[in-house]
There are 2 protein chains.
Amino acid sequence: MPTIVKQAANVLDLFEFFASTGQPASLAEIAGHFGWPKSSTFNLITTLAERGFLYEPRPRHGFYPTPRWLSLAQEIAHAEPLPESLQDLLRELARLSAETVWLAGSAGQHAVFLAVIESPQAIRYTAQPGKRVPMHATATGQAILSQMPEPRRAALLRQASYERFGPGTPMSAGEVDRIIEESLARGWFMSASSYSQDLGGVSIPLPLNDRMLSATVAGPLFRMGTRMEETAAQMQAAIKRHFGKDYFDRHLPGLRQLP
Amino acid sequence: MPTIVKQAANVLDLFEFFASTGQPASLAEIAGHFGWPKSSTFNLITTLAERGFLYEPRPRHGFYPTPRWLSLAQEIAHAEPLPESLQDLLRELARLSAETVWLAGSAGQHAVFLAVIESPQAIRYTAQPGKRVPMHATATGQAILSQMPEPRRAALLRQASYERFGPGTPMSAGEVDRIIEESLARGWFMSASSYSQDLGGVSIPLPLNDRMLSATVAGPLFRMGTRMEETAAQMQAAIKRHFGKDYFDRHLPGLRQLP
DNA sequence: TCATTTGGTCCATATATAAAGACCAAATAT
DNA sequence: ATATTTGGTCTTTATATATGGACCAAATGA
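So, how was this worked out
Residues numbered from 1 in each chain as written. Chains lettered and ligands numbered in written order. Predicted model: local features only at pLDDT ≥ 70, side-chain atom pairs only at ≥ 80, totals over all residues. Heavy atoms only, no water. Contact = heavy atoms within 4.5 Å. Buried area = accessible area lost by both parts, 1.4 Å probe. Salt bridge = Lys/Arg side-chain N within 4 Å of Asp/Glu carboxyl O. Polar contact = N/O pair within 3.5 Å; in protein donor to acceptor, adjacent residues only side chain to side chain. Helix = DSSP H or I, 4+ residues; strand = E, 2+ residues; numbered from the N terminus. Buried < 20%, exposed > 50% of the residue type's maximum accessible area, 1.4 Å probe, protein only.

- Under an unreviewed UniProt entry, the name given to chain A is IclR family transcriptional regulator, and the source organism is Paracoccus methylarcula.

Focus on the interface of chain B and chain A
Item 1. Each partner contributes residues to the interface: chain B has 64 residues there, and chain A has 64 residues.
Item 2. In total, about 6,100 Å² of surface goes out of reach between chain B and chain A, with carbon and sulfur atoms giving 64% of it.
Item 3. Among the residues of chain B in contact with chain A, L12, R51 and I76 of chain B are the three that bury the most area, contributing 11% of the side total.
Item 4. The tally of links from chain B across to chain A stands at nine salt bridges.
Item 5. A salt bridge links R58 of chain A to E80 of chain B; the nearest nitrogen and oxygen atoms lie 3.1 Å apart.
Item 6. Linking chain B with chain A are 23 residue pairs in polar contact (both at pLDDT 80 or more).
Item 7. Those elements that provide at least two residues to the side of chain B that touches chain A are α1 (6-21), α3 (38-50), β1 (54-55), β2 (64-65), α4 (68-79), β3 (100-107), β4 (110-117) and β8 (211-220) of chain B.
Item 8. Per-element accounting of the side of chain B that touches chain A gives the leading share, eleven residues, to α4 of chain B.

Quick word on the environment of T231 of chain A
Residue and element names in this part refer to chain A.
Item 1. Tracing the backbone shows T231 in helix α10 (residues 228-243).
Item 2. We classify T231 as buried; its relative accessible area is 1%.
Item 3. A C-alpha to C-alpha distance of 9.7 Å links T231 and A218, two positions 13 residues apart in sequence.
Item 4. When sequence neighbours within four positions are dropped, the list of residues in contact with T231 reads V202, V217 and M224.

Structure representation (structure tokens):
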């Protein structure tokens with residue numbers, strides 16, 4: 001179990017806190033909200049303020065993050081961007097499916113959501129960039145795993161922790177291998193309650209030069225249940241439109257192509 | 001002397017590091033760059049990754065921040081934005097002066113830069129959002145101080161530390177009061193090496209409903225030295241164009257208006 | 001004008017944590 | 001095939017740090 005760095009996590013908590021409230025907060029409010037001691041909160045806030053990441057929009061009416069966060073985050077996003085073509089693809093998938101769609105990459109034993117467009121419907125799968133799901137137990141992750149060279153995938157699956165999340169959760173490396181094999185033969189990866197309850201979704205592997213991503217369309221099982229095959233075909237078609245007719249032939253010969 | 005929270009500062013360091021390199025970095029690279037122990041670096045990175053703030057763009061080729069930073073920073077900036085009109089004003093000042101221009105707000109004993117447009121010229125004043133300068137010793141800060149109700153300004157100046165930064169640095173509350181008085185009578189605040197060496201600049205207070213900001217145009221003294229009065233007049237004119245002819249009459253009756 | 005509340009700051013010390021270093025796996029070189 | 005290097009993970013313990021609580025100033029209410 002990896003050691004969590006408390007004060008690092010606190011910075012993230014604070015960052016998320018301000019993103020969700022959208023308002024300046026006083027030391028006392030922050031301390032109260034998190035149940036942090038006043039003195040510790042003071043030290044943390046002072047540190048962030050000293051570094052130019054927090055200021056007082058109006059004196060003595062609370063602290064708020066400075067635009068420095070935005071400025072740095074933009075530089076970071078700009079330097080290693082998701083190609084514009086991927087954003088386009090995602091938008092098209094969102095339009096076609098009217099469900100929540102996302103792109104994910106890998107982070108150790110987890111897949112991380114890199115870009116998300118939520119469904120406009122009231123009942124929908126909700127997620128935001130940065131969300132992590134276990135690699136071996138989700139369609140999103142399996143679609144990524146399917147692109148890895150054999151030894152790397154084996155290494156990853158060996159260290160995975162096979163916890164039971166739902167009825168379909170695979171409980172061994174062998175099971176995951178089998179699911180991947182079947183999914184490649186089927187032409188798409190299916191998430192059906194193996195991790196998230198009542199979720200139905202379709203994932204397609206998306207190798208992009210040397211990055212291994214996946215695209216997923218998912219929604220409540222009662223809407224997606226009967227539309228999976230159709231959705232998968234739509235996704236493959238959209239990907240071919242965006243990246244060329246021979247995209248799968250060149251990068252994913254193992255994947256069955258739907259008509 | 002306020003206690004700095006080391007691991008919180010480390011998160012900020014890391015964030016800035018990625019913004020400046022724009023590349024994924026391995027644990028070893030990060031540890032090397034900062035001189036951090038491998039194990040500590042590991043803990044920190046794990047913490048950020050666990051929370052969905054770091055991922056591996058390509059497995060085993062280093063970590064990089066996820067778009068989650070951007071997403072949260074955008075929410076934060078969107079909730080408490082600098083009015084668009086201020087951005088416009090800033091752009092106009094940048095165009096008119098061809099020097100570096102910025103907007104600043106207050107953070108305790110410091111003024112923080114909230115928005116910056118750098119001069120296109122090779123020799124220029126360089127700054128980024130989040131930069132902090134002492135309130136009492138800079139034109140930017142004094143222009144903010146000039147807007148505060150008397151007791152608050154007095155309190156602030158009482159606790160200020162009167163360090164000598166350059167020839168013109170004020171060394172007591174009284175001196176600052178005098179400078180503010182003179183500057184209001186002059187119609188603008190002058191920074192001339194009282195904090196930054198060889199810097200010449202003009203600041204104008206910018207009260208915006210209950211926020212107390214200031215706008216500054218600054219560059220190397222050899223370019224700005226003879227243009228200050230002219231620049232100040234341009235700034236006042238631009239502000240009046242953006243916020244109405246009677247802006248100063250209504251919000252800053254104490255400030256001399258230039259022809 | 002005085003009392004009370006609220007928000008912020010400082011300090012000593014018990015406690016949580018960062019770091020040293022051993023370890024392991026995978027990649028690369030021989 | 002085997003050795004070496006590189007990158008990542010784990011555990012123990014000396015040490016840095018988070019915290020309780022005292023304190024102070026400013027704002028608010030009586």
